[in-house]
Amino acid sequence: MPLLEVSQLQVEYASQGVPFQAVRGVSFTLEDGEFIGIVGESGCGKSTLGFAITRLLRDPGHISGGRVLFMDKDLAQLDDAALQPMRWADFSIVMQSGMNALNPVLTIRRQFEDAFQAHGFRNKREMAERIRTLLRMVKIDPQFADRYPHELSGGMKQRVSIALAMALSPKLIVMDEPTTALDVVVQRSIIQNLKQLRREKTFSAIFISHDLGTVLELADKVAVMYAGQFMEIQSARSILEHPLHPYTKALLKCFPDPMAEHIEIAGIPGSPPDMKRPPKGCPFAPRCEFVQDRCRDEMPEYRRVGDSYVACHFPGVEGGSK
Ligand SMILES: Nc1ncnc2c1ncn2[C@@H]1O[C@H](COP(=O)(O)OP(=O)(O)OP(=O)(O)O)[C@@H](O)[C@H]1O
C-alpha cells in the first residue's frame, strides 16, 4: 500500500461569492521514501494542493471532494483534534521561503522545544542534543540555536525550517518552493543539502516548485500541473527524453540546456485560463501547438500510458495541425 494516496482531490475557493475550483480532481500515489515534484506556472494550484494535503487551507479555501489517504486515515475527513497529533510527527511542511514560518519572538531552540514538547518529549538534555544534530544536518552551527529568527539570514532561516520539519522524523514532508526567494548561490547549497538528506533519510516528499530543473534534480517522479489539474506524471528519468503532454514539452523548452552552445529560453505564448471560467475542453488547448478540434470540445481523460499518466487526447505527438 502506498504511503499516500490522493484521489480526485478538489479544492474550492469562494471568491467574492463566486466559488471556483483551484484544484480539479488531482490523483497520485507516493510510496515510502519516494519524492514527487510538482511543477507548473504560477497560479496553477500547486500551493493550494500542498495546503490541502496538509490540511492547512484557510478560508475561503476548502476541500470540496476527494480523498487524501495517509497512514490508513483520510486526512480530508479529519478534524483539528485528530490532525494535531499527526502534525510534525507524521507529516510536516516547509513553507515558501518568503513566508517566514518561524515565530519571530521565540529563539530557534524554543521553536524546536515546542514541537518536541507537543509530542511528549520532556528531557531538556536529550532535546538539546537532538537540536544540535538537526542544525548540523542542515549545515548550521548549533550555537545559532539561541538566536532569534531576525538574527539569521534568509537562507539560514530556510535551513532551520527544513530542520524543524524533520525534527520528529515524519514520514512525509511537503516542501512548497523552499528555495525560491533565496539567491542562486544559497539555493544551490540548500538543494545540495536536500539531496544529501534524501539519501540518508527515510522520508517521502512532495516538492513543489515552478523550477523544473530543481525538481528534476531531486524528485523520483514529476507531476506537471496546469489549471488545477495534473496533465502528466512521469519518472524524472524519462520525462526529459519523452515528455507526453504538449504542456510538459513547452515547459521543458523554458529550461535551457546548460551544455548547449547557444542558450535560447522560450516562454510559453498565451496565459493560463481564468479558473472562474474554465474552458470546456482541454485547458491547455488555446496555447497548444498540437491542438486538434477534439481538444477544444472534450476534456481528455487522465489515463495511464505505460508507466506514466497523462491527460491528453494525443499524448507524445510530434506534429499536429492548428
Ligand atoms: N486565499 C485565496 N483566495 C482565493 N483564491 C485563491 C487564494 N489562494 C489562491 N487562490 C487562487 O487559487 C489559484 C491557485 O493558486 P496557488 O497559489 O495554489 O497557485 P501556485 O501554482 O502555487 O502559484 P504560485 O507558484 O504563484 O504560488 C489561483 O487562481 C489563485 O489566485
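What you see as residue numbers is a count from 1 along each chain, following the sequence as written. The predicted nature of this model means local features are confined to residues of pLDDT at least 70 and side-chain atom pairs, given and counted, to a pLDDT of 80 or more, with totals for whole chains, interfaces and linings taken over all residues. The basis for every side-chain value is the complete set of non-hydrogen atoms in the structure, without hydrogens or water.

Engineer: Would you take a moment to explain the sheet that holds strand 3 (residues 35-39) for this structure?
Structural biologist: Two strands in a sheet stick together by hydrogen bonds in their backbones, pointing the same way (parallel) or opposite ways (antiparallel). Note on pairing: DSSP must find at least two bridges between two strands before they are called paired. By the criteria applied, helices consist of DSSP H or I runs no shorter than four residues and strands consist of E runs no shorter than two, each listed in order from the N terminus. Ordered in space as 6-7-8-3-9-10-12-11, the eight strands form an open sheet in which the pairing is mixed. In the strand order of this sheet, the two ends are held by strand 6 (91-94) and strand 11 (303-305), each with one partner. Shown here is a sheet whose adjacent strand axes are inclined to one another by a mean of 20°, direction ignored. As judged from the two bridges shared by strand 10 (residues 229-235) and strand 12 (residues 308-310), these two strands associate in the antiparallel manner. The residue bridging Ile233 from the neighbouring strand is Tyr309, located in strand 12. Any two residues having at least one pair of non-hydrogen atoms within 4.5 Å are treated as being in contact. Fitted lines through C-alpha atoms serve as axes, helices being fitted only where they are in contact, and the angles separating the N-to-C directions of these axes extend from 0 to 180 degrees. Relative to the sheet, helix 9 (residues 246-253) contacts strand 3, strand 9 (221-226) and strand 10, its axis offset from that of strand 9 by approximately 100°.

Engineer: Quick question: what am I supposed to make of the side chain of Glu177 here?
Structural biologist: Relative to the elements of secondary structure, Glu177 occurs in the loop between strand 7 (172-176) and helix 6 (184-200). Partly exposed describes any residue whose relative accessible area lies between the buried limit of under 20% and the exposed limit of over 50%, with all areas from a 1.4 Å probe on protein chains only and scaled to the type maximum. Only four residue types enter the charge count, namely Lys and Arg as positive and Asp and Glu as negative; His and the chain termini do not. The term salt bridge refers to a pairing of a side-chain nitrogen on Lys or Arg with a carboxyl oxygen on Asp or Glu at a separation within 4 Å. Buried charge without a salt bridge: Glu177, with Lys46 as the nearest opposite-charge side chain at an N-O distance of 4.4 Å. Any N or O atom pair separated by 3.5 Å or less is treated as a polar contact, with the protein-specific requirement of one donor-capable and one acceptor-capable atom, and with residues adjacent in sequence counted only for side-chain atom pairs. One polar contact links Glu177 to Thr180, side chain to side chain, over a distance of 2.4 Å.

Engineer: Please clarify how the nonpolar core should be interpreted in this entry.
Structural biologist: Considering soluble globular proteins, one finds that nonpolar side chains tend to be buried as a cluster. Membership of the largest hydrophobic core comes to 100 residues, with the highest contact counts inside it found for Leu4, Phe28, Leu49, Phe112, Ile206 and Phe230. If one sorts the elements of this core by residue count, helix 5 (residues 154-166) sits on top with seven residues. Side-chain atoms within 4.5 Å link the members of a nonpolar core, which is a set of buried Ala, Val, Leu, Ile, Met, Phe, Trp, Tyr and Cys residues.

Engineer: What am I meant to see in the pattern of salt bridges here?
Structural biologist: It is possible for side chains of opposite charge to pair when their charged atoms get near one another. For the coordinates displayed, the defined rule picks out 16 salt bridges. Close ionic contact of Arg294 with Glu298 constitutes a salt bridge, the shortest N to O distance being 3.4 Å. Judged by its relative accessible area of 38%, Glu298 falls in the partly exposed class. Of the charged contacts in the structure, one is a salt bridge between Asp307 and Arg304, with a shortest N-O distance of 3.8 Å. When salt bridges with common partners are traced through the structure, they connect Arg188, Lys195 and Glu217 into a single cluster.

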